[in-house]
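Each chain, letter by letter, is given below.
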Amino acid sequence: MIQNIKQNIFSVGATDPKRELFDALIPLPDGTSYNSYLIKGSEKTALIDTVDPTKTEILLKNLKELGAKIDYIIANHAEQDHSGSLKAVLDKNPKAKIVCTDKCKPMLMELLCISEEQIMVVNDKEKLVLGDKTLEFIYTPWVHWPETMCTYLHEDKILFSCDFFGSHFAAEDLFKYDPERLYKAAKRYFAEIMMPFRVMIKRNIETLSGYDIKLIAPSHGPVYEDPKTAIDWYKEWISDDVKNLAIVAYVSMHGSTKEIADRLCEDLTKKGVNAHKYDLTGADIGELAIDLVDAATIVVGTPCLLGAIHPTAVHAVYLVNALRPKTRFASVIASFGWGGRIVDEIVPMIKNLKVEIIPPVIVKGFPKDADFKEIERLAQQIAEKHKGLAK
Ligand code: FEO
């Protein structure tokens, strides 16, 4: 739907409440939106980001309803959920220029077959005057691709941040939402999209601190009328601080690994550690990713299948390694029948994590008294490592 954000500034994008997965990987319990913003200056008109190609018709309908004649299409990011309708908008506005960073230009040419002459590269901090409205382009690389930038509208003090500060949250009204649901959606988004780039996010937040921002308008999810809220969330999530939280993520074929995981979580809880258990066969990996933002420890549980780690555990471990959480400790719990290389395989798979490996618990068959003592030993070691951490 069209929404008036401020005078002569309109939201013209689309919601996608029924989309279930992003990047063919990430579950979307709240759907998502592809926000696109139309800015009508007294002389020129700019469109900030477009929408996913599945929603092109909605964008075109909204633009038609507003009688928009577009001079510039600002491409803050080349990924197709924002750039995928560029060609359709260009077809309706053949004289319009796409405005983007130097790194974005070849991406748009390669991903969308857009010709070079339709693209206008802008430098970091360059301004574009639309008459009574002035856009400034702020390079913010790696949130979350190398070419990303934000666009700042000076007169209205709005930051159009694209994916940065975004959330997969299909809010029809960008100003009305349940704040708790938004917090969780924004944290899930951060965990899955932004967490690997914590260092670059810190630099980009420092860059943005030089701007007087009254409204953050991302290209996914609601806008932030109190920008400090979103910025403070990000500052907490990118900090080096971890919490007294241990994730126990396991797969079990015949109940042995589950028994180890159950007992470990019970022991951790008794020793004052907040333990979150995930059965990976049905777990929402988004929930697991959210916990990775804070967790001090991750324990992976797997049975030995064909002499190696269970493939479902491989998937989870691969994802954890790719997301590069600030987790400090890791361990393994496993059950085997006649032998295998569980620990030798898992440790190299988490090389991106700067973790201390706590000696694992590897059990032959179903756990017995001696094994339960080992599980308690692991819980005790984790509890000692967590001493002094915040809840
Ligand atoms: Fe929302 Fe990186 O695209």
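All residue numbers here refer to positions counted from 1 along the written sequence of the relevant chain. Per-residue local features are limited, in this predicted model, to residues with pLDDT of at least 70; the limit for side-chain atom pairs, both in listing and counting, is 80 or more; totals at the level of whole chains, interfaces and linings are taken over all residues. Just so you know, side-chain values use all the structure's heavy atoms and leave hydrogens and water out.

Engineer: Please explain the packing of aromatic side chains as it appears in this structure.
Structural biologist: Any two aromatic rings considered together are summarised by their centre-to-centre distance and by the angle between their planes. To pair, rings of Phe, Tyr and Trp, with the six-membered ring standing in for Trp, must have centres within 6.5 Å; the planes then decide the type, stacked if under 30 degrees apart, edge-to-face if over 60, and tilted in the middle. Evaluated as defined, the whole model comprises 13 aromatic pairs. When the centroid spacing of 5.7 Å and the interplanar angle of 55 degrees are considered together, the rings of Y183 and W237 count as tilted. Taken together, the residues span a long stretch of sequence, with Y183 in helix 5 (residues 179–194) and W237 in helix 7 (residues 227–238) at a distance of 54 residues. One aromatic cluster in this structure is built from F164, F165, Y183, F190, Y224, W233, Y234 and W237. Secondary structure is summarised from DSSP: a helix means a run of H or I of at least four residues, a strand means a run of E of at least two, and numbering begins at the N terminus for each.

Engineer: When you look at empty space enclosed by the protein in this model, what are you seeing that I'm missing?
Structural biologist: A probe matching the size of a water molecule, rolled over the atoms, marks out where space remains unfilled. In this analysis a 1.4 Å probe is tested at points of a 1 Å grid over the protein atoms alone, and where it fits but cannot get out there is a cavity; an open set with protein on both sides within 12 Å along at least five of seven lines is a pocket; lining residues have an atom within 4 Å of a point. Grid points are joined across faces, edges and corners, and a volume is the space filled by probe spheres set on the points. Within this structure, the stated rule accounts for two cavities of 30 Å³ or more. Of the volumes computed, that of the largest cavity is approximately 80 Å³. Forming the walls of the largest cavity are I298, V300, V317, V320, A330, S331, V332, I346, I350 and I357. Elements with a minimum of two residues in the lining of the largest cavity: strand 19 (295–305), helix 10 (311–323) and strand 21 (329–336). Here the lining of the largest cavity gets three residues from one element, more than from any other, and that element is strand 21. The computed volume of the second largest cavity comes to approximately 40 Å³. Taken together, A249, L280, I298, V300, A313, A316, V317 and V320 make up the lining of the second largest cavity. Broken down by secondary-structure element, the contributors of at least two residues to the lining of the second largest cavity are strand 19 and helix 10.

Engineer: Explanation requested: the packing of helix 8 (residues 256–270) against helix 12 (residues 369–385) in the structure shown.
Structural biologist: If you want to describe how two helices pack, look at the angle between their axes and the distance between the axes. Throughout, an axis means a line fitted to C-alpha atoms (over the contacting stretch in the case of helices), and angles, computed between N-to-C directions, take values from 0 to 180 degrees. Here helix 8 crosses helix 12 at 45 degrees, and the two axes come no closer than 9 Å. On the basis of their axis angle, the class for helix 8 and helix 12 is oblique. Handedness of the crossing formed by helix 8 with helix 12: right-handed. Where helix 8 abuts helix 12, its residues E259, I260, R263, L264, D267 and L268 lie against F372, I375, E376, L378, A379 and I382. The classification used treats Ala, Val, Leu, Ile, Met, Phe, Trp, Tyr, Cys and Pro as nonpolar, Asp, Glu, Lys and Arg as charged, and all other residues, Gly among them, as polar. Grouping the amino acids of the contact of helix 8 with helix 12 by side-chain chemistry returns eight nonpolar, no polar and four charged. Any angle from 65 to 115 degrees is called roughly perpendicular, while one under 35 is roughly parallel, one over 145 is roughly antiparallel, and all others are oblique. Crossings are assigned a handedness: left-handed for a near helix turned anticlockwise from the far helix by less than a right angle, right-handed for a clockwise turn. Every residue pair with non-hydrogen atoms within 4.5 Å of one another is taken to be in contact.

Engineer: Help me understand the pattern of salt bridges, please; the structure alone is not making it clear to me.
Structural biologist: Opposite charge on two side chains allows them to pair when their charged atoms are near. By definition, a salt bridge exists where a carboxyl oxygen of Asp or Glu is found within 4 Å of a side-chain nitrogen of Lys or Arg. If you walk through the whole model with that rule in mind, you get 23 salt bridges. With its nearest N and O atoms 3.0 Å apart, the salt bridge here joins K105 to E116. Residue K105 is found in helix 4 (residues 104–112), and its partner E116 is found in the loop between helix 4 and strand 11 (119–121); the two are separated by eleven residues along the sequence. Looking at E116, the relative accessible area reads 46%, which means it is partly exposed. Close ionic contact of K271 with E376 constitutes a salt bridge, the shortest N to O distance being 3.5 Å. Taken together, the residues span a long stretch of sequence, with K271 in the loop between helix 8 and strand 18 (274–279) and E376 in helix 12 at a distance of 105 residues. Via salt bridges that share partners, K184, R188, D284 and E287 belong to a single interconnected network. A simple rule labels every residue: compare its accessible area, found with a 1.4 Å probe on the protein chains alone, to the largest value its type can have, and call it buried under 20%, exposed over 50%, or partly exposed in between.

Engineer: In this structure, what is going on with the pairing of strand 13 (residues 134–139)? I would like to understand it.
Structural biologist: The side chains of a regular strand alternate between the sheet's two faces. By the criterion of burial, strand 13 is predominantly enclosed, with five of the six residues buried. DSSP-based pairing: two strands are paired if at least 2 bridges between them are found. Pairing of strand 12 (residues 127–129) with strand 13 involves three bridges; the strand directions are antiparallel. By the bridge assignment, V129 is partnered in strand 13 with T134. Counted along the chain from strand 12 to the antiparallel partner strand 13, the turn is four residues long, and its residue G131 has a positive phi close to 105 degrees. One ladder, built from five bridges, connects strand 13 with strand 14 (residues 149–153); its direction is antiparallel. By the bridge assignment for strand 14, Y139 is matched with M149.

Engineer: What exactly am I supposed to notice about the sheet that holds strand 11 here?
Structural biologist: Within a sheet, each strand pairs with its neighbour through backbone hydrogen bonds, oriented either parallel or antiparallel. Across the sheet, which stays open at both edges, the seven strands sit in the order 1-2-7-8-9-10-11 with mixed pairing between neighbours. The sheet is open, and its two borders are formed by strand 1 (3–6) and strand 11, each paired with just one other strand. Put simply, the sheet's adjacent strands are angled 25 degrees from each other on average, direction ignored. The pairing of strand 9 (residues 72–74) with strand 10 (residues 97–100) spans three bridges and is classified as parallel. Considered in strand 10, the bridge of I73 is made with I98.

Keep in mind these numbers describe shape, not what the thing actually does.
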